Amino acid sequence: MIPVQLDIQGLYSYREKQSINFNQLTAAGLFGIFGAVGSGKSSILEGILLALYGSTERLSDRGEKNSMLNLQSDQVLINFTFHAGKNNSKTFMARYEAKRNKKDPEKVDPATHTFYEKSGTDWTPLELRAEDIIGMKKEHFKQTVIIPQGKFREFIDLTPGPRAEMMKELFGLERFDLSGKTGTLLREVKDEKIRLDAKIQTLEEYTSEQLTEKSELLEKIKTESDQVGKEVNDLDIQLRQLEKFQEKHASWIEFKRMRKELVEQKPQIDKQRLLHQEFITAKNHLRPVWNQINDLNKDHEKFQVSITDCTRFEAEFEKEILQLEVEEKELKQKNQNRPQREGKIRDLKKVIEIKQLQEDLAQSQAHLETLKPSIDSLQETQSKLDSQSQNSDRELDSLPVADSSNLADLKSFQRQWKELDEQIGHQQKLLKQFELEEKVVSQTLERLQSKIPADFEKVEDWLQEQKKKISEVEKMRENALRNMGLHAHAHLLEDGKPCPLCGAAEHPNPLSAEKQEKEARQMDLRLSEEKNILEDILHLTQQLKEQQLYLDNHRRNIQSKGQENLQLGEKLSKVLEQINHLGISDGSSLEEKIASLENSHQQRESILKAQQELRKNWQANREKLDKEQAAFQQAQLKKETLSSQIQSKEKDLHDPTFCKGFFSRGVHEIEAAISKVEKDIENALKDWEGKVAHLQEVKTKQTTNQADLKNFKIQLEQADLKLSKLQSEFENLKIEHGFEDEARLIRLFEHSLDAEKVAREIQQFDQRLALAESRISELEQEKEVVEFQEEQFLQSKAKFHLLKSAAEESRKRAALLEEEIKIIKEKLEEKLLLTQSKEKVEKRETYLRELERLFKGSGFVKYVSSIYLKELCNTANQRFMKLSKNSLSLEIDDDNTFWVIDYLNGGKRRLLKTLSGGQTFQASLCLALALAEKIKALNQADQSFFFLDEGFGALDRNALRVVFETLKSLRHENRIVGIISHVEELQQEIGVFAKVELDQEKGSQVSYSY
């Protein structure tokens, strides 16, 4: 988990919203959050815990939320944005919000706690908890990622049971709890064995003899079925021929009946045929001309009405045009006086501008009179400050100049001298201590090597030999178990009958159950003893490796400390040589020289500081004077500009006599007069333009009406000519097609006859009659069709169905027998497979019983948890030994209890709680870093985050420096470390930090060092 941003409002001392942006803090690798006690530093961590898990370290979410809420705030609102997931590739936001109850402000309503995942630019709500996103519970999160105040040593204070449970949950060690899985598999195998036995019993009725008997019966039924089938095929051919004659005979009778019906309908069809011919002739030749004559009569009447209307409109248009021309002339005359009226309006507007400029001129004159006294006062103050500055410069010149670089060099030499003296003494003490410890470790190593038997040169050879012994005992034990399994079949042996396993007919030495069980127990006991010896060898190997590692470390430390001591002596000689070159012989002379230079430097600094304040006042007064003078010049320029503008405007007036009376009036009165005249001018123009447009519109309508009148008269003459021509043509067509009776012709026009339908009915009648005649003639040519006997056909058909039923019955019997034979074969195959499966299941049951015995209880999980804890301890020791200057290391025993190895006291082991406060902090820090490192590897992350709020006040300066160097080195391991502290030494060492300050009105405020 990598933090991105924390928005916090209303929590504890955070009254106003504060945003802590972690991007630049985490980019530094090591950053701090600093502030005075009670400023709200630790509340940042509590805000993160509240956003992720819904509760803080100090107060739970239930019943204590009112104590979290700032007394002057109405709600707690926390938004925490962070990276998580595999390699921290996803971005999430945790939101926590709780508000005061509106009715009872002492209570807080239930909080809303939601998680979101960033998808592009959007946030998608999630139905997940922090445990699902980060992968650990709150208790483990506080021990590996964010360690709140007072909880830093919680991990090492856990009892062995909870500590092992924590390792199990963090690293998923439940996968090594195989007892339950083994028991489940064993129960499944037993159930499978019972199921196989039940299935084999249900298949006992199926035998090979039954299969042979059914196969012989099937062959006999197939022979009988083939004979009956041949007879059925011969009779089927005869029936198919008779069926064809039956169908043709029925068709012959049907066509004779249809011909009789059609002959009876023929007279009515002939009458319809004649009416259809007359209707088609009238429709195609006479009806189009008749329709044209009717249309022309209608057009003739319409043209006559239109000519009458156009004649009436002509007189009305002439009268309206005369009246509009008179009105347009009057409006045009009124608009010709417009330029003179507009000129007077422009003069009045200039009068308004002149009056406004006169007012501005009076204000500018008053402003100039107020600026003059202020400028005189500032000039007098400036003269006094110039005099004070000159006096200060003369005083500064009279003092001797102190060389600040010389003073800094002397202080540096003094500090280096003291530090090197202390380091040389400390290094010599450590060197003696390491030499003593080396002897103790060498003696311990010799004592451990003496435990190796004389037969073996190395402990590794002893280990390999013991593994071979265990392998041989296991083989003997498997042989005993196999004999016990064979004994289960011993009750089946009978003299003279073959063995069910090997087939032998003689059984000279059957297995004894008691003997095999005794041998198996002896093998189990021996195997347990050999494994105990193997455990001792492994423990001895581990001790030898550890002691050899301690011996190598002490020898390297002795060599390293000796070189460091020589280097420190050389550095001290160089420092003393440089001090002698400056003419200083001893430490007291150096201190006197530094005090003298510091006194001179302080006097000079005091004068410079006073001079700096004087210059600041001089500069401020100078800026005010320049500003006032610039304002005076600007006001003077404005006054002159306004006077010039007034004179220019007065010269631009075209009619000064007309405007003279308006200078005494108010601006609003003048503007009202201008508005009235402008409105009258605008209305006059609009009336004239509207009248001109209306006149033009009426003239256009008059022209259109005259053109329509002329067009309608022409169309009326053309319609009369066409009507006369069509009437003559219609009379000729009546004579040509024999329709002299016009009334009869009109009835044909109005007849509702469906010509297409009648023509289709006549055509269908002719086709059906021709088809009947043709088919009857064709069928009577076959003698068998006319002479067909229905009774003879039915007798043959009945005989066929009887034989067919017999053949079908034979086929069904054969099919049933085939199905039975198929089932018997399948069951026999299934029986064979089940027998083979049972043998495999029995073998698997034997193996699982052995595994169940091995994994019984949770001993294997505890064993794996101990391995993880030992590995964690080894990782922590890489830093802890460095922090303790190789004087202490951590160790965990078989009961998962932490111990401390004290190399200053002969490598003796003592309880962790005997450490001092600073040493306990160092041990807790190393274990927490090691645990976080393992979780980082587990999550496959490139970076990991570690935040602590604890313990720096318990360390001395040297221990604090070592811890700080350790934290800085984590940046090379791609680790991000955050520190919360009020210790000033840390604030001086860490360059990137956020500072929290408590404002009495605004609450906690966050600022940054960058």
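Here goes a summary of the coordinates provided. These figures come from a predicted structure and were not determined experimentally. By convention here, each chain's residues receive numbers from 1 onward along its written sequence. Given that the model is predicted, a residue must reach a pLDDT of at least 70 before its local features are reported, and side-chain atom pairs must reach 80 or more before they are shown or counted; all residues, however, enter totals for whole chains, interfaces and linings. The side-chain quantities take in all heavy atoms of the structure and omit both hydrogens and water.

**Topic: the overall build of the protein chain**
Moving on, step 1. Check the secondary structure of the protein chain and you find 24 helices and 15 strands.
Moving on, step 2. Partly exposed describes any residue whose relative accessible area lies between the buried limit of under 20% and the exposed limit of over 50%, with all areas from a 1.4 Å probe on protein chains only and scaled to the type maximum. Within the protein chain, buried positions represent 35% of all 1010 residues.
Moving on, step 3. The contact criterion used throughout is that any non-hydrogen atoms of two residues lie within 4.5 Å. Sequence separation of at least 24 residues holds for 77% of the intrachain contacts in the protein chain that already meet a minimum separation of 6.
Moving on, step 4. Accessible surface area values rest on a Shrake-Rupley calculation with a 1.4 Å probe, where residue burial reflects the displayed protein chains alone. In the form shown here, the protein chain has an accessible surface area of approximately 63100 Å², with 49% of it arising from carbon and sulfur atoms. Only DSSP runs of H or I with at least four residues qualify as helices, and only runs of E with at least two residues qualify as strands; both kinds are numbered from the N terminus onward.

**Digging into the sheet that holds strand β9 (residues 888-892)**
Moving on, step 1. Think of it this way: DSSP has to see at least two bridges between two strands before they count as a pair. Across the sheet, which stays open at both edges, the three strands sit in the order β9-β10-β11 with antiparallel pairing between neighbours. Bordering the open sheet on either side are β9 and β11 (908-911), each of which pairs with just one other strand. The average angle at which neighbouring strand axes cross in this sheet is 35°, direction not considered.
Moving on, step 2. Here strand β10 (residues 898-902) runs beside β11; their pairing, made up of four bridges, is antiparallel. If you follow Trp 899 over to β11, its bridge partner there is Leu 911. All axes here are fitted lines through C-alpha atoms, helices being fitted over the stretch that makes contact, and every angle between N-to-C directions spans 0 to 180 degrees.

**Considering the sheet that holds strand β5 (residues 90-99)**
Moving on, step 1. Pairing within the open sheet is antiparallel, and its six strands lie in the order β2-β1-β4-β5-β6-β7. Lying at the two open borders of the sheet, with one neighbouring strand each, are β2 (18-21) and β7 (122-126). Neighbour-to-neighbour, the strand axes of this sheet turn through a mean angle of 20°, independent of strand direction.
Moving on, step 2. In terms of strand pairing, strand β1 (residues 2-9) meets β2 through four bridges, oriented antiparallel. The partner of Ile 8 across the bridge, within β2, is Gln 18.
Moving on, step 3. The sheet strands contacting helix α2 (residues 42-53) are β1, β2, β4 (75-84), β5 and β6 (112-119), and the helix crosses β4 at an angle near 80°.

**Considering the pattern of salt bridges**
Moving on, step 1. The salt bridge criterion pairs a side-chain nitrogen of Lys or Arg with a carboxyl oxygen of Asp or Glu, the two atoms within 4 Å. One pass over the full model with this rule turns up 21 salt bridges.
Moving on, step 2. Of the charged contacts, one joins Arg 257 and Glu 254 as a salt bridge, the two residues approaching to 2.1 Å between their closest N and O atoms. In this pair, Arg 257 and Glu 254 are both assigned in helix α9 (residues 208-335), three residues apart and thus about one turn of the helix distant.
Moving on, step 3. Taking relative accessible area as the criterion, Glu 254 reaches 40% and is therefore assigned partly exposed.
Moving on, step 4. Bridged by salt links that share partners, the residues Arg 95, Glu 97 and Lys 99 form one connected network.

**Things to note about the pairing of strand β15 (residues 1003-1008)**
Within a regular strand, the side chains alternate between the two sheet faces.
Moving on, step 1. Judged from the six bridges that link them, strand β14 (residues 993-999) and β15 form a sheet pairing that is antiparallel. Opposite Glu 997, over in β15, you have Gln 1005 as the bridge partner.
Moving on, step 2. Linking β14 to β15, which pair antiparallel, is a turn of three residues.

**Comments concerning helix α16 (residues 667-736)**
An α-helical segment advances 3.6 residues per turn. Residues three or four places apart therefore align on the same side.
Moving on, step 1. Working rule for helices: expected span equals 1.5 Å times residues minus one. Here α16 spans 102 Å end to end across 70 residues, near enough to the 104 Å set by a 1.5 Å rise per residue.
Moving on, step 2. Looking one or two residues past α16, Gly 738 carries a phi angle of roughly 75°, positive in sign.

**Re the pairing of β14**
Moving on, step 1. Looking at chain direction, strand β3 (residues 30-35) and β14 are connected through four bridges and run parallel. Paired with Gly 32 across the strands is Phe 993, a residue of β14.

**Overview of a nonpolar patch on the surface**
Moving on, step 1. Here a patch means residues that are over 30% exposed by relative accessible area and free of salt bridges, tied together within 9 Å if like-charged and within 5 Å if nonpolar (Val, Leu, Ile, Met, Phe, Trp, Tyr). Taken together, the side chains of Phe 860, Tyr 863 and Ile 867 present a nonpolar region at the surface, about 290 Å² in accessible area.
Moving on, step 2. Tracing the backbone through its elements, the reader meets Tyr 863 in helix α21 (residues 859-883).

**Concerning α2**
Moving on, step 1. Helix length check: α2 (twelve residues) gives 16 Å between terminal C-alpha atoms against 16 Å at 1.5 Å per residue, within 8%.
Moving on, step 2. In terms of burial, α2 is a largely internal element, twelve of the twelve residues being buried.
Moving on, step 3. For α2, every residue scored as buried is listed here: Ser 42, Ser 43, Ile 44, Leu 45, Glu 46, Gly 47, Ile 48, Leu 49, Leu 50, Ala 51, Leu 52 and Tyr 53.
Moving on, step 4. Gly 54 occupies a position one or two residues after α2 and carries a positive phi of about 80°.

**A short note on the nonpolar core**
In a soluble, globular protein the nonpolar side chains are often hidden away together inside.
Moving on, step 1. If you look at the biggest cluster of nonpolar residues, it comprises 69 residues, and the most contacted ones within it are Leu 52, Ile 78, Phe 82, Phe 141, Leu 890, Phe 945 and Phe 947.
Moving on, step 2. For this core, the element with the highest residue contribution is α2, accounting for eight residues.
Moving on, step 3. With residues up to four places along the chain from it excluded, the contact list for Phe 82 reads Met 1, Ile 2, Pro 3, Val 4, Leu 52, Lys 90, Thr 91, Phe 92, Ala 94, Ile 133 and Ile 134.
Moving on, step 4. In this description, a nonpolar core means a group of buried Ala, Val, Leu, Ile, Met, Phe, Trp, Tyr and Cys residues linked to one another through side-chain atoms lying within 4.5 Å. Counting 19 residues, the second-largest nonpolar core is a separate cluster that includes Val 441, Ile 452, Leu 463 and Tyr 550.

**A closer look at unusual backbone geometry**
Moving on, step 1. Residues other than glycine seldom take positive phi values, yet Lys 885 does so here, at roughly 55°.
Moving on, step 2. Among the secondary structure elements, Lys 885 is positioned in the loop between α21 and β9.
Moving on, step 3. A positive phi angle, near 60°, is found at Asn 886, a position not held by glycine.
Moving on, step 4. Among the secondary structure elements, Asn 886 is positioned in the loop between α21 and β9.

**Considerations on the environment of Gln 548**
Moving on, step 1. Relative to the helices and strands, Gln 548 resides in helix α13 (residues 513-581).
Moving on, step 2. Residue classification places Gln 548 among the partly exposed positions, given a relative accessible area of 31%.
Moving on, step 3. Separated by 103 residues in sequence, Gln 548 and Leu 445 place their C-alpha atoms 7.1 Å apart.

**Side note on the side chain of Ser 39**
Moving on, step 1. Positionally, Ser 39 belongs in the loop between β3 and α2.
Moving on, step 2. Assessed through its relative accessible area of 2%, Ser 39 is described here as buried.
Moving on, step 3. Two N or O atoms count as a polar contact when they lie within 3.5 Å, although within protein this holds only if one can serve as hydrogen donor and the other as acceptor, and sequence-adjacent residues are included solely when both atoms are side-chain atoms. Here Ala 36 takes part through its backbone oxygen, which lies 2.8 Å from a polar atom of the side chain of Ser 39.
Moving on, step 4. From its side chain, Ser 39 meets the backbone oxygen of Val 996 in a polar contact 3.5 Å long.
Moving on, step 5. Among residues more than four places away in sequence, those in contact with Ser 39 are Ser 13, Val 996, Glu 997, Leu 998 and Ser 1004.

**Regarding the side chain of Asp 893**
Moving on, step 1. Position of Asp 893 relative to the elements: it lies in the loop between β9 and β10.
Moving on, step 2. Buried within the structure, Asp 893 lacks any salt-bridge partner; Arg 909 is the closest side chain of opposite charge, at an N-O distance of 5.1 Å.
Moving on, step 3. Reaching out from Asp 893, the side chain makes a polar contact with the side chain of Trp 899 at a distance of 2.9 Å.
Moving on, step 4. The contact partners of Asp 893, leaving out residues within four places of it in the chain, are Trp 899 and Arg 909. Residues scored as positive are Lys and Arg, those scored as negative are Asp and Glu, and His as well as the terminal groups of each chain are ignored.

**Considering the packing of α9 against α16**
Pairs of packed helices are described in terms of their axes, by the angle between the two and the distance that separates them.
Moving on, step 1. The interhelical angle for the contact between α9 and α16, taken along N-to-C directions, is 160°, at an axis separation of 5 Å. It follows that α9 is roughly antiparallel to α16 by the angle criterion. Like other packed secondary-structure pairs, α9 and α16 cross with a definite hand, here left-handed.
Moving on, step 2. Note on residue categories: nonpolar means Ala, Val, Leu, Ile, Met, Phe, Trp, Tyr, Cys or Pro, charged means Asp, Glu, Lys or Arg, and polar means any other residue, Gly included. Of the residues in the contact of α9 with α16, the class split is 28 nonpolar, 14 polar and 18 charged. Angle categories are assigned with fixed cut-offs, so that under 35 degrees is roughly parallel, over 145 is roughly antiparallel, 65 to 115 is roughly perpendicular, and the rest are oblique. By definition, any crossing whose near helix is turned counterclockwise from its far helix by less than a right angle is left-handed, and any crossing with a clockwise turn is right-handed.

Structural measurements only, silent on function.
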